[in-house]
Amino acid sequence: MATVSIPARTSALLLDIEGTTTPITFVKDILFPYITEHLEDHLSTHWEEDECKQDVHLLKKQMEEDMRQNRACPVHTVDQTVHTDEEKAIREVVENVMWQMASDRKSTALKQLQGHMWRAAYTSGRIKGEIYPDVVPSVKTWRERGLKVYIYSSGSVEAQKLLFGYSVEGDVLDLFDGHFDTTIGAKVEAKSYERIAERIGCQPEEITFLTDVSREAKAAEEARLNVLVVVRPGNMDLTDEESAHYNLITSFSQLQLTGRA
């Protein structure tokens, strides 16, 4: 594909992770299986610790909200005060987490627990964050040209920082000016991008958002952000209409800065 110009008004780039900076296969084949394989052991080991209790509390609140919204889900009551049946309570959490993952849920409760579990995997060296080879040199160039660079992912901020802090390229966290997750809003809602612009301190028109998901692109566009859709191996196919509507790139190296020294 040909070069694509970043709009001259752009002062900040906002990057998705899965399918944009990082192969989808890393998430699907490494990160998610790690959770399914180690979840029950993790809960059994850390059940009485404050962090784990907070994770379970958030999951309980999410379950209650799902029931109020009549969403199909495993119906259990998670109660950590019942120490006589700890295994049953853990099993109920496991069932709910597995259901959320199978449903590709992006709930903050799920993402927080996953982030805490991945922390142990990253810090022990069992997992290294994968980044496309065009990402780091491109981000360095953008920053040298005065642009701010932020991450917005459905994965928790902690999980984002682990991926880039323990990556195959080493610790590259200093390349990013900030991180956003679903605590600021869902990625398919325009309001989320308006909040990000407010948090960054610039107009929505001054932000260029890179994502591989058309629903996210549409929401960002509704919030008046500039949008580029990233086409990488394994990403979801775009419709002909979407391909015609959005500027498409297959590599960050295609982006050309205009009107900058």
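Attention here is on the structure that accompanies the text. (Residues numbered from 1 in each chain as written. Predicted model: local features only at pLDDT ≥ 70, side-chain atom pairs only at ≥ 80, totals over all residues. Heavy atoms only, no water.)

### Some points on the nonpolar core
What counts, and what does not: By convention a nonpolar core is built from buried Ala, Val, Leu, Ile, Met, Phe, Trp, Tyr and Cys residues, the set being connected through side-chain atoms within 4.5 Å. Accessible area is worked out with a 1.4 Å probe on protein chains only. A residue is then buried under 20% of its type maximum, exposed over 50%, and partly exposed in between. Only DSSP runs of H or I covering at least 4 residues are called helices, and only runs of E covering at least 2 are called strands; the numbering of each starts at the N terminus. Residue contacts follow a heavy-atom distance rule, with two residues in contact if any of their heavy atoms lie within 4.5 Å.
Grouped together as the largest cluster of nonpolar side chains are 54 residues, with contacts concentrated most on Leu15, Trp118, Trp142, Phe176 and Leu210. A per-element tally of this core places helix H1 (residues 24-46) first, with eight residues. For tryptophan 142, the residues in contact, after removing those within four places along its chain, are Ile6, Leu13, Leu15, Leu147, Val149, Leu210, Phe252, Leu255 and Leu257. Tyr152, Tyr193, Phe209 and Ala223 belong to the second-largest nonpolar core, a separate cluster that totals 23 residues.

### Examining the packing of aromatic side chains
This is how it is decided: Centre distance within 6.5 Å is the pairing criterion for rings of Phe, Tyr and Trp, where only the six-membered ring of Trp is used; planes under 30 degrees apart are then read as stacked, over 60 as edge-to-face, and the remainder as tilted. Two conditions define a charge located above a ring, namely a distance within 6 Å from the ring centre to NZ of Lys or CZ of Arg, and an angle within 35 degrees of the ring normal.
For the structure on display, the rule yields seven aromatic pairs. Taking 6.4 Å as the distance between ring centres and 15° as the angle between the ring planes, the aromatic pair formed by phenylalanine 32 and tryptophan 118 counts as stacked. In this pair, phenylalanine 32 sits in helix H1 while tryptophan 118 sits in helix H4 (residues 108-123), placing the two residues 86 residues apart along the sequence. Directly above the aromatic system of tyrosine 152 lies the positively charged group of lysine 187, at a separation of 5.5 Å from the ring centroid. The ring centre of tyrosine 132 lies 3.9 Å from the NZ or CZ of arginine 232, which sits over that ring.

### What about the pairing of strand S6 (residues 226-230)?
Selection criterion: We call two strands paired when DSSP finds no fewer than two bridges between them. Clockwise travel from the first strand over the helix to the second, with the strands pointing away from the viewer, marks a crossover as right-handed.
By the criterion of burial, S6 is predominantly enclosed, with four of the five residues buried. Looking at chain direction, strand S5 (residues 207-211) and S6 are connected through four bridges and run parallel. Across the sheet, residue threonine 211 finds its bridge partner in S6, namely valine 229. Direction of pairing for S6 relative to strand S7 (residues 247-249): parallel, over a ladder of three bridges. When the bridges of S7 are listed, valine 230 appears paired with isoleucine 249. In this view, the connection linking S6 to its parallel neighbour S7 by way of helix H9 (residues 240-245) has right-handed handedness.

### Side note on the packing of helix H3 (residues 86-102) against H4
Short version of the rule: Here an axis means a line fitted to C-alpha atoms, over the contact stretch when the element is a helix, while the angle between two N-to-C directions is reported on a 0 to 180 degree scale. Geometric relationships in this document are graded by angle, where less than 35 degrees denotes roughly parallel, more than 145 denotes roughly antiparallel, 65 to 115 denotes roughly perpendicular, and other angles denote oblique.
Across the interface, H3 lies against H4 with an axial gap of 11 Å and an inter-helix angle of 105°. When the axis of H3 is compared with that of H4, the two are roughly perpendicular. Residues Val97, Gln100 and Met101 of H3 lie in contact with H4, whose contacting residues are Leu110, Leu113 and Gln114.

### Regarding the layout of surface pockets
Gaps left between atoms are located by rolling a probe of water-molecule size over the structure's atoms. We count it as follows: Any residue with an atom within 4 Å of a point lines the site, the site being either a cavity, points on a 1 Å grid over the protein atoms alone where a 1.4 Å probe fits but cannot get out, or a pocket, an open set with protein on both sides within 12 Å along at least 5 of 7 lines. Grid points are joined across faces, edges and corners, and a volume is the space filled by probe spheres set on the points. Any residue outside Ala, Val, Leu, Ile, Met, Phe, Trp, Tyr, Cys, Pro, Asp, Glu, Lys and Arg is labelled polar, Gly included; the first ten of those are nonpolar and the last four are charged.
There is about 1,100 Å³ of room inside the largest pocket. Per-class residue counts for the lining of the largest pocket are 14 nonpolar, eleven polar and 14 charged. In this model, the second largest pocket occupies a volume close to 220 Å³. Along its surface, the second largest pocket is lined by 14 residues, and His42, His46, His116, Met117 and Ala120 are the ones closest to its centre.

### Describing the environment of valine 56
Its location among the elements puts valine 56 in helix H2 (residues 50-68). The sequence separation of valine 56 and leucine 113 amounts to 57 residues, and the corresponding C-alpha distance is 8.2 Å.

### Examining empty space enclosed by the protein
With the rule as written, the count across this model stands at one cavity of 30 Å³ or more. Estimates place the volume of the largest cavity at around 30 Å³. Every residue along the wall of the largest cavity is listed here: Phe32, Met101, Asp104, Arg105, Leu110, Lys111 and Gln114. Of the residues forming the lining of the largest cavity, the biggest block, three residues, is contributed by H4. Of the residues contributing to the lining of the largest cavity, the split by class is three nonpolar, one polar and three charged.

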